Structures are given as structure tokens and as C-alpha cells.
Amino acid sequence: MELEQISQDGAETLKGAAGAAKKVFVKTYGCQMNVYDSQRMSDALAADGYVATSTMEDADLVLLNTCHIREKAAEKVYSEIGRIRELKAERARNGSEMVIGVAGCVAQAEGREIIRRAPAVDLVIGPQTYHRLPEALKKVRGGEKVVETEYALEDKFDHLPEPRRAEIISRGVTAFLTVQEGCDKFCTFCVVPYTRGSEVSRPVAQIVAEAERLAAAGVREVTLLGQNVNAWHGEGPDGNEWGLGRLLVRLAEIPGIARLRYTTSHPRDMDDELIAAHRDLPSLMPYLHLPVQAGSDRILKAMNRKHTAADYLRLIERIRAARPDIAMSGDFIVGFPGETDEDFEATLELVREVNYAQAFSFKYSSRPGTPGTEMKDHVAEEVKDERLQRLQALLNEQQTTFIEGLVGKTVETLIEKPGRQPKQIVGRSPWLLPVILDENAGKIGEIVTARITSTGHASLFAERA
Ligand code: SAH
Ligand code: SF4
Ligand code: F3S
């Protein structure tokens with residue numbers, strides 16, 4: 001699931017206090033891992049004297065945390081740099097400086113090429129080297145153009161700055177926690193194994209310490225992140241090898257943490273222990289994002305997903321047996337090279353069988369360096385458009401049925417933030433759908449029982465039960 005689909009403008013801005021000497025503006029594209037990384041970069045920069053600003057115009061440092069997953073996502077960065085370049089030039093005319101940094105997956109994939117194509121950029125820094133950000137900025141201030149994309153595998157988690165208490169509090173009662181990074185699956189359409197490197201799991205002690213720190217600052221709901229989060233494994237304090245299921249059991253014991261989630265999973269890594277966690281842990285929310293991409297075995301094979309449609313359906317059956325009320329979410333790609341009408345029909349058929357509460361679907365985008373690009377029979381754009389429309393119509397229908405089916409039901413709602421309208425408060429349902437309540441329904445951080453009275457556009461209206 002990507003931020004692009006969640007926020008309206010495809011980017012999230014880290015807001016903070018204004019008025020200090022050095023100001024940083026961070027714009028985040030792509031997935032939740034980038035949201036988490038932007039927070040960690042802000043933490044590192046705060047320690048270096050930077051204050052976050054929500055207006056690019058008065059920033060001394062503009063950091064774009066970028067996404068390379070589809071061509072459109074990657075190209076967006078260059079048009080954004082074009083706009084920032086104007087600001088930078090204006091600044092220079094007024095005798096002050098603006099540093100432009102590109103971080104994230106485009107930085108890792110394109111490296112120095114970014115500075116060649118957009119010379120206004122001062123710094124390119126890949127996701128595995130964020131701990132070197134303050135040092136890199138020092139070099140930039142000394143007049144150098146800096147490209148930081150080389151890393152050792154063990155670098156990532158050992159050097160990340162700890163989230164600061166004040167920052168955690170300012171970010172609210174829900175938080176992301178990265179437990180795993182990178183991917184060894186090499187799906188033939190995907191850039192992630194190249195931009196994020198091979199799979200690395202963060203040690204149990206570090207994860208528990210961070211979760212405890214979040215809980216102590218008032219966080220009630222933690223979402224564990226990883227490109228392949230259910231491939232996470234590590235040595236537990238009992239000396240045994242733990243998988244994600246066991247880790248969730250441990251995290252559920254932390255006082256204050258009432259809700260747990262994890263994303264994104266690969267079907268191949270859903271093991272028995274993890275499925276059992278869905279049965280045994282009331283705090284593990286009954287919502288699972290489990291991408292399948294396609295419903296045709298021929299296409300799944302060409303995509304190197306390493307499972308069949310039947311394997312996926314069987315898996316969903318087992319998960320639903322463990323947690324009957326679980327709501328399923330997924331990702332789909334239409335128009336992978338070689339996809340015929342018949343293959344596409346198989347995707348629709350799989351969607352009908354699973355019945356998703358929510359899903360993301362994309363047109364295949366050919367990415368440099370991935371095997372998909374070299375394949376024969378690329379699908380025409382009009383065909384992709386037409387398939388995407390049909391798939392989305394079906395998924396929307398399922399989503400509407402799911403949402404409407406909640407009217408009259410009572411749901412446990414985590415009160416999260418003030419609403420957009422006066423006298424409203426917004427909570428989070430177990431399925432991530434926002435629940436809009438009267439402001440007196442509960443305090444932020446409280447979990448209240450709410451009765452759904454009606455539905456809005458991808459939201460629920462409710463009253464306290
Ligand atoms: N690790 C996750 C996916 C990360 S990318 C997983 O394995 O499921 C998020 C989604 O973007 C993918 O699930 C896929 O649906 C989509 N995606 C990835 N590469 C793409 C490409 N080249 N074209 C179109 N969609 C793509
Ligand atoms: Fe990409 Fe596949 Fe890895 Fe997911 S599992 S990040 S789609 S290569
Ligand atoms: Fe995009 Fe990188 Fe995430 S390519 S989806 S930001 S891992």
C-alpha cells in the first residue's frame with residue numbers, strides 16, 4: 001500500500017515548529033517505509049539543530065524522500081526539483097542559501113545521474129545511509145556535491161537515531177516501526193530489491209526497545225513495517241529463532257500498546273505461527289494487506305511470485321479459519337508483459353473469490369533494470385487502461401459492500417485526532433477506515449465502542465455505543 005493512494009497530493013509533509021535558525025522541509029513520496037524514514041531523518045536533523053517547517057519557501061534544506069516503484073512516481077521528482085530550483089535561485093539573489101537533497105529509492109537507483117540531470121541538487125542520499133546525513137550536509141556546506149549510496153548491509157539499523165519523545169508525541173497515538181528492510185524475492189516487475197537491497201531483519205531487543213519508547217510516549221497502535229515484513233526473523237531472548245508471529249506475541253505484552261498491525265507481507269512468508277497470532281492476539285487487528293498481483297498462474301510464474309492462485313486462495317482460507325472477521329486488502333498489477341484477456345479474467349475471478357475489503361491496483365510500469373522490461377509482448381496502454389478500469393470497478397464494488405455492511409455494527413475505535421469539521425473527532429477502526437464521531441465521544445488515545453450510523457466516502461460516521 002502506498003502513500004500516493006492515501007494522501008490527496010501524493011505526498012506528506014512533516015510539520016513542526018517554525019522560527020529556529022535552520023529549517024528543514026521534508027516531502028515524502030511512496031510507501032510507509034518512506035514515511036518512517038522521513039521521521040528518522042527529521043530526528044537525526046533535529047539533533048543537528050534543524051527544525052521542521054511545513055512551508056518549502058522558508059526552508060534552508062529541502063529533502064525529497066522519493067519513490068521509484070513506477071515511472072510516474074520517479075518522474076514526479078524531477079518536476080518537483082524544477083520548482084524548487086526557482087526558489088533556490090531566488091534565495092541566492094537575496095544572498096541566502098537553500099540546500100536541495102534527494103533521498104529514498106530514486107536516490108538509490110539513479111545516484112549521481114540525478115545531479116547530472118538536475119544540477120540544482122546538492123545531495124543524493126540512499127535509504128541505507130541516512131545515519132550519515134549530518135556529515136553529508138557538512139560537506140555540502142563546504143561546497144561539495146555529495147552522493148551517498150554505498151553501504152554495508154549491517155549499516156542500516158545499527159545507526160538509526162532513536163525516535164525522540166517530543167517528536168513521537170507530536171506525531172500522535174499511532175506509529176510506524178520498521179522491523180525489516182529490503183527484499184530477496186526479485187519479482188520481475190519490481191525495483192525494490194535493487195533500491196532497498198537484500199533482506200535485513202532488525203534485532204528483537206532494538207524493536208522491543210523502540211516499541212516501549214513509543215508506548216511510553218502515548219502511542220496505542222503500532223504498525224510494523226518491512227518491504228517483506230513477514231520474512232522478518234531473529235534470535236529471541238530465549239535463544240530460539242523467532243518469526244514475525246512470535247515477535248507480535250512479545251510486542252502485545254507491552255503495556256499501553258493496544259493494537260498491532262504489520263505491512264507488507266508476501267504470501268510465501270505467511271507461516272503457521274503468524275496465522276496463529278491472528279487467532280490468539282486480540283490486539284492484532286483483523287485486517288491484512290496481502291498482495292497477490294495477479295490471478296493467472298502463467299503470469300504469477302512470469303512475475304516470479306513463487307506461488308499459484310490456488311496457493312493464495314488456500315492461504316486466505318487458513319487465515320480466515322484463524323480469524324473469521326479478518327478484512328483482506330491486496331495489490332494488483334494489470335498488463336504485465338504477455339498478459340492475455342484470459343489471464344486478466346483469472347485476476348477478476350480471484351478477486352471475486354477472495355472478496356477484498358480494500359485494494360490497490362496499478363498498470364504495469366516497465367522499470368529499468370528489472371527482468372520484466374526485457375520480456376516479450378508488452379501490453380498496449382489502452383488495453384492496460386481498460387483492464388484497470390474493469391478491475392477497479394469490481395474492487396470498488398467489493399469495498400462499498402464491505403463499508404455499507406458495517407452500518408448498525410459496533411466497532412472498537414481508537415480516537416486519533418480532531419476532525420476537519422468543528423466538534424468532530426476522528427478515530428481509527430480495526431480496518432484503518434476513519435470513524436467520525438462527536439468530539440465528546442472520547443479523548444485522543446482512548447479506545448471506545450462506537451456504533452456505525454452511516455458511511456461517507458471511505459469513512460464511517462458513528463456514535464458512542
Ligand atoms: N513488498 C510488497 C510490494 C511493494 S511495492 C509486496 O511484495 O507485495 C507496492 C506495490 O506496487 C506492489 O505490490 C505492486 O502491486 C506495485 N508495483 C510494484 N512494481 C510495479 C511496477 N513495475 N508496475 C506497476 N506496479 C508495481
Ligand atoms: Fe517487490 Fe516482489 Fe519484493 Fe514485493 S516481494 S518488494 S513486489 S520484489
Ligand atoms: Fe517506493 Fe521505495 Fe517504497 S520504490 S514503494 S519508496 S520501497
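Along each chain, residues carry numbers from 1 onward, in the same order as the chain's sequence is written. Written order decides the labels, with chains lettered from A and ligands numbered from 1. Local features in a predicted model are, by the rule used here, given only for residues with pLDDT of at least 70; side-chain atom pairs are given and counted only at 80 or more, and totals for whole chains, interfaces and linings are based on all residues. Remark: hydrogens and water are excluded; side-chain values derive from all non-hydrogen atoms of the structure.

### A look at the domain arrangement of the protein chain
An automatic or database domain assignment supplies the residue ranges for each domain. Partitioning the protein chain into domains gives domain 1 (3-152), domain 2 (199-284), domain 3 (286-404) and domain 4 (410-464). Relative placement of domain 1 and domain 4: their C-alpha centres are 34 Å apart.

### Some details on the site of ligand 1
We call a residue near a molecule or strand whenever a single non-hydrogen atom of that residue lies within 4 Å of it. Lining the immediate environment of ligand 1, one finds 16 residues, of which Phe189, Gln227, Gln293, Asp331 and Ser365 sit closest. What qualifies as a polar contact is a pair of N or O atoms within 3.5 Å, subject to a donor-acceptor requirement within protein and to the restriction that residues adjacent in sequence count only when both atoms come from side chains. Measuring from a nitrogen atom of ligand 1, one finds a backbone N or O atom of Phe189 at 2.9 Å. The separation between a nitrogen atom of ligand 1 and a polar main-chain atom of Ser365 is 2.8 Å. With residues, only the protein chains shown are counted as cover, and all accessible areas are computed by Shrake-Rupley using a 1.4 Å probe. Alone, ligand 1 offers 540 Å² of accessible surface; in the complex the protein occludes 93% of this. We count a stretch as a helix when DSSP gives it H or I for four or more residues in a row; a strand needs E for two or more, and each element gets its number in order from the N terminus. Where the shell around ligand 1 is concerned, the elements lending two or more residues are strand S16 (327-334) and strand S17 (358-363). Classification convention: Asp, Glu, Lys, Arg as charged; Ala, Val, Leu, Ile, Met, Phe, Trp, Tyr, Cys, Pro as nonpolar; all other residues, Gly among them, as polar. Of the residues assigned to the shell around ligand 1, the class counts are six nonpolar, four polar and six charged.

### Notes on the sheet that holds S16
On the basis of which strands lie adjacent, the open sheet formed by three strands has the order S15-S16-S17 and parallel pairing. This sheet does not close on itself; its edge strands, each paired only once, are strand S15 (287-289) and S17. Each strand axis lies, on average, 10 degrees off the axis of its neighbour in the sheet, ignoring direction. Relative to S17, S16 is paired through six bridges, and the arrangement is parallel. Pairing of Phe332 across the sheet is with Ser361, part of S17. Two strands qualify as a pair provided DSSP detects at least 2 bridges between them. Between N-to-C directions, angles span 0 to 180 degrees; the directions come from axes that are lines fitted to C-alpha atoms, helices contributing only their stretch in contact.

### Comments concerning the nonpolar core
Remark: nonpolar core denotes a set of buried residues (Ala, Val, Leu, Ile, Met, Phe, Trp, Tyr, Cys) joined through side-chain atoms within 4.5 Å. Relative accessibility decides the category of a residue: with a 1.4 Å probe and only protein chains considered, values under 20% of the type maximum give buried, values over 50% give exposed, and everything between is partly exposed. Within the largest apolar cluster, 66 residues are counted, with the highest numbers of intra-cluster contacts made by Leu224, Tyr262 and Tyr356. Residue assignment places this core across two domains, with domain 2 (199-284) and domain 3 (286-404) each supplying three or more. Any two residues whose heavy atoms approach within 4.5 Å are treated as being in contact. When neighbours within four sequence positions are excluded, Tyr262 is seen to be in contact with Thr223, Leu224, Val229, Leu244, Leu248, Met270, Leu274, His278, Leu284 and Leu288. Grouped together as the second largest cluster of nonpolar side chains are 25 residues, Val77, Ile84, Val102 and Val124 included.

### Considerations on the site of ligand 2
As a matter of local geometry, ligand 2 sits amid Cys183, Lys185, Phe186, Cys187, Phe189, Cys190, Val192, Pro193, Asn228, His266 and Arg305. For the shell around ligand 2, the class distribution of residues is seven nonpolar, two polar and two charged.

### Observations concerning the sheet that holds strand S8 (residues 174-178)
Taken together, the three strands give an open sheet; going across it, the order is S8-S11-S14, and neighbouring strands pair in parallel fashion. The strands lining the two open edges of the sheet, one partner per strand, are S8 and strand S14 (259-263). Sheet twist, expressed as the average angle between the axes of neighbouring strands with direction ignored, equals 25 degrees. Across five bridges, S8 lies against strand S11 (residues 221-225) in parallel orientation. Note that in S11 the partner of Thr178 across the bridge is Leu225. On the sheet, helix H2 (residues 32-47) packs against S8, S11 and S14 and is oriented at approximately 95 degrees with respect to S8. The strands that helix H10 (residues 204-216) touches are S8 and S11; relative to S8, the one it contacts most, it runs at about 165 degrees.

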